[in-house]
Amino acid sequence: MSTKKYTLVINPGATSTKAAIYEGETEVFTENLSHPIEEIQKFKEVADQFEYRKGAILDMVKRHGIGTDEIAIVMGRGGLTRPCESGCYRVNELMKEECHAGIQGKHACNLGALISDSIAKEIGLECAYIADPGIVDERPKYARISGHPVFDLDPSKEGPIWHCLNQKMTAKLYAREIGKHYEDLNLIIAHMGGGVSVGIHNHGKVVEVNRALCGLGAFSPTRCGSINASKLIEVACSGKYDEAKLKKMITAEGGFVAYLGTNDAYEVEKRAIAGDEKCKLLVDAFCYQVAMEISRLAAVVNGKVDAILLTGGIAYSKPWMAQITEKIDWIAPVKIYKGENEMLALAICGKEVLDGVQVKEYK
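This text gives an overview of the structure that appears in the document.

### Quick word on helix α9 (residues 265–273)
Working step 1: Of the positions making up α9, those classed as buried are Ala265, Val268, Glu269 and Ala272. Each buried residue of α9 lies within a common arc of 100° when the element is viewed along its axis, so the set occupies one face.
Working step 2: Elements in contact with the buried residues of α9: α8 (255–260), α10 (277–298) and α11 (318–328).
Working step 3: Capping the start of α9, Asp264 holds a side-chain oxygen 2.9 Å from the backbone nitrogen of Tyr266, two or three residues further along.
Working step 4: With its phi angle positive at about 110°, Gly275 sits one or two positions after the end of α9.

### Some words on the sheet that holds strand β8 (residues 196–202)
Working step 1: Read across the open sheet, the 5 strands follow the order β9-β8-β7-β10-β11; overall the sheet is mixed. Edge positions in the open sheet fall to β9 (205–209) and β11 (334–338), since each of these has one partner strand only. Along the sheet, successive strands turn relative to each other by an average axial angle of 25°, direction set aside.
Working step 2: Pairing analysis gives 5 bridges linking strand β7 (residues 186–192) to strand β10 (residues 307–312), with the strands arranged parallel. Its bridge partner being in β10, His191 is matched across the sheet by Thr311.
Working step 3: Lying on the sheet, α11 is in contact with β7, β10 and β11; it crosses β10 at an angle near 160°.

### Comments concerning the pattern of salt bridges
Working step 1: With the rule as written, the count across this model stands at 25 salt bridges.
Working step 2: A salt bridge links Glu361 to Arg90, with the nearest nitrogen and oxygen atoms 3.1 Å apart. Placement of Glu361 in strand β12 (residues 360–361) and of Arg90 in strand β5 (residues 88–90) is noted, with a sequence separation of 271 residues between them.
Working step 3: Classification of Arg90 by relative accessible area gives partly exposed; the value is 23%.
Working step 4: Note that Lys351 is salt-bridged to Asp355, the shortest N-O span being 3.0 Å.
Working step 5: The partly exposed category is assigned to Lys351, whose relative accessible area is 34%.
Working step 6: Each member of the salt-bridge network shares a partner with another, and the members are Glu93, Lys96, Asp117 and Lys121.

Analysis parameters
- Residues numbered from 1 in each chain as written.
- Predicted model: local features only at pLDDT ≥ 70, side-chain atom pairs only at ≥ 80, totals over all residues.
- Heavy atoms only, no water.
- Buried < 20%, exposed > 50% of the residue type's maximum accessible area, 1.4 Å probe, protein only.
- Helix = DSSP H or I, 4+ residues; strand = E, 2+ residues; numbered from the N terminus.
- Arc of directions from axis to C-beta.
- Contact = heavy atoms within 4.5 Å.
- Polar contact = N/O pair within 3.5 Å; in protein donor to acceptor, adjacent residues only side chain to side chain.
- Pairing = 2+ DSSP bridges.
- Axes fitted to C-alpha atoms, helices over the stretch in contact; angles between N-to-C directions.
- Salt bridge = Lys/Arg side-chain N within 4 Å of Asp/Glu carboxyl O.

By themselves, these are just geometric observations and shouldn't be taken as functional.
The following block contains the structure:
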């Protein structure tokens with residue numbers, strides 16, 4: 001009789017790696033393996049962190065007394081490869097090549113498939129799997145028009161970069177709670193963390209969502225969101241910034257970091273409550289922009305929205321969620337899901353694979 005019963009879940013972030021062992025949908029343990037910035041800075045490229053992070057994960061498994069012969073499947077966070085359909089994918093050589101190259105961006109999530117597959121093969125499994133990567137694109141053709149063909153994204157290479165895994169899982173949890181199927185509902189979901197993505201889920205497909213990593217939508221703790229194109233041209237042509245610096249300003253040094261010098265939303269909240277007028281202004285602006293982004297998506301489904309779900313780390317803030325809710329609850333009922341469900345999402349997908357659900361081939 002096989003002793004394999006556990007799912008190893010791996011979710012790399014910028015300066016930490018979340019790793020967990022699940023038995024079915026039940027969490028056995030989860031750890032947030034911290035990677036000090038001084039350690040991360042030793043590596044020239046994100047892909048160079050492979051062995052360092054893999055070793056930390058295997059040490060964690062051993063420390064908790066889990067034998068590698070007890071692991072039935074390894075699930076990793078998907079990377080920034082080419083746009084694809086929603087679903088669970090087998091990690092193959094093409095996916096690993098594109099994750100290693102970071103064809104849509106150099107982000108730690110690219111390590112998810114690489115580390116997962118390496119561990120899977122090292123412990124005698126055929127391969128690892130990923131599910132609902134952040135480059136899923138389910139939008140209709142007309143939603144991909146930018147306004148000028150030079151600025152249209154190539155759908156075979158580029159698409160929205162968003163929090164697909166958490167958004168899809170949150171939608172399915174809500175559907176389960178009310179006794180319906182995800183495919184029966186129209187939901188607007190706002191993920192608010194280091195980045196902000198807001199998507200409209202129309203009967204199981206996300207038919208519109210902002211390109212959260214690259215300067216669209218509401219600003220966030222580290223990203224600038226949608227910005228004035230004329231001003232961007234002016235700044236880009238000023239000679240003060242090179243391309244790398246401009247990209248960093250948009251994706252890592254925008255939002256709260258640019259205005260307040262911190263990416264800690266809780267610190268911003270505390271300072272605003274204590275009377276810091278600049279922090280209060282930025283909180284109001286953040287809530288205003290998120291509410292606007294939610295409101296505009298209601299038009300996509302002609303106002304027929306069943307519910308609005310607010311999720312991500314910032315959803316822990318009661319004052320901010322109250323402020324956003326006050327602006328949008330005329331559209332549909334609002335429900336808050338604090339934090340994110342990415343680890344559970346990967347565990348559930350792993351269970352489905354073990355139960356025989358068909359997986360997709362990345363090509």
